Amino acid sequence: MGEVLRAIHDRVDGLPKSKILLGEAAFGVDIIGPYLGVLPAGARVLEVGSGPGILLAHLMQSHTSLDFTGIEPVGAGFATSELFIERLADRISMRLERCGYQQFSSSQPFDLIFLINVFEHLPDWRDFLSFAERNLKIGGRCVIFCPNYGFPYESHFGLPIIGGKRLTGKVFRGKIEKHESERNAAGLWDSLNFVTWGQLRAALVGSKLNPEFDSAFLERMVSRLQTDPEFRRRQGSIAFAARMVASTGLLSALRWKQLWRYHPYMHVALTRTC
């Protein structure tokens, strides 16, 4: 754990789910860090879906030359994050607006917009693409990391996908209700949009956003299974399957463009071209 994240850990230690949320924040740093490292001083960065604010707080503390804003609505499927935000805001002056992107407005465009495990919860993800296009500078990027539902597995609930969301919901209704009850996450299943890489790619045709799919990211995700016990536990049997596939060397074959639609996760950077 880095020095900045350790200091944040000390602020939120003991709060519900703090271990899980700190692990997710550290993972978010790994994803977004390289994009931040090439931005000039004063560049404007927007996080969509800041949740408890841990990742936003970390990035603000470790990249002090950049101008950060976070937005986070109170949505279905998530318990309130106010305890974390209050603890962090006691020491860190975070610009975190409690609204969705639909209500957010800015007088200046952003150099970087990012969403970590948020895109799959947007009720109208195609509308969000228009928001990103309007609010990015030319050459700016929108970085999306989320599950790819072209792969038949639902990672929040650890369920196989059978014929789409509706049928899967019927088959596993009991497990879904139990999961939401035990995790205080009522409405989580309903919030999922089951977006696929194929759908995202098709929606970008003719837009000002050029997608870059990180086909090597799956290998890094499998590496996380080795180093993050909590993440490995939450993935259940698929974690074992992923490690078995990795041991055969077949993961490198998934870098082929024809197989991107079958990756379990999408790591996509959308660059505004004009």
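As the structure is a computational prediction, the values presented were derived from the model and not from experiment.

Chemist: So what exactly am I meant to see when it comes to the overall build of the protein here?
Modeler: Counting its regular elements, the protein contains 12 helices and nine strands. Split into buried and exposed, the 274 residues of the protein put 48% on the buried side. Considering only contacts in the protein between residues 6 or more positions apart, those separated by 24 or more positions represent 76%. Here the protein displays about 13600 Å² of accessible surface, and carbon together with sulfur accounts for 53% of that area.

Chemist: Just to check I follow, could you spell out the sheet that holds strand β1 (residues 44-48) for this structure?
Modeler: Picture the strands of a sheet paired through backbone hydrogen bonds; they go either parallel or antiparallel. Pairing within the open sheet is mixed, and its seven strands lie in the order β3-β2-β1-β4-β5-β9-β8. Bordering the open sheet on either side are β3 (96-97) and β8 (209-213), each of which pairs with just one other strand. Relative to strand β9 (residues 265-272), β8 runs antiparallel, the two being bridged by five bridges. Looking at the pairing, F213 lines up with V268 of β9. Contacting β1, β4 (110-116), β5 (136-147), β8 and β9, helix α5 (residues 125-135) crosses the sheet at an angle of about 150 degrees to β5.

Chemist: I tried to follow unusual backbone geometry on my own but got confused; where do I start?
Modeler: Peptide bonds are mostly trans, and most non-glycine residues show a negative phi. Residue N184 is not a glycine yet carries a positive backbone phi of 50 degrees. Looking at where N184 falls in the secondary structure, it is placed in the loop between α7 (173-182) and α8 (188-191). Given the relative accessible area of 53%, N184 is considered exposed. The residue F194 is not glycine, and still its phi comes out positive at about 55 degrees. Along the chain, F194 falls in the loop between α8 and α9 (197-203). Exposure remark for F194: the relative accessible area of 10% places this residue in the buried category.

Chemist: I keep staring at the pairing of β4 and nothing clicks. Help me out?
Modeler: A regular strand carries its side chains on alternate faces of the sheet. Where burial is concerned, most of β4 is hidden: seven out of the seven residues are buried. Inspection of the sheet shows β1 paired to β4 by three bridges, in the parallel sense. Across the sheet, the residue bridging to L46 is I113, located in β4. As paired strands, β4 and β5 are joined by six bridges and run parallel to one another. What sits directly across from F110, in β5, is L136. A crossover links β4 with its parallel partner β5, the connecting element being α5, and its sense is right-handed.

What counts, and where the lines are drawn
Residues numbered from 1 in each chain as written. Predicted model: local features only at pLDDT ≥ 70, side-chain atom pairs only at ≥ 80, totals over all residues. Heavy atoms only, no water. Helix = DSSP H or I, 4+ residues; strand = E, 2+ residues; numbered from the N terminus. Buried < 20%, exposed > 50% of the residue type's maximum accessible area, 1.4 Å probe, protein only. Contact = heavy atoms within 4.5 Å. Areas by Shrake-Rupley, 256 points an atom, 1.4 Å probe, with all protein chains shown as cover. Pairing = 2+ DSSP bridges. Axes fitted to C-alpha atoms, helices over the stretch in contact; angles between N-to-C directions. Right-handed = clockwise from strand over helix to strand, strands pointing away.

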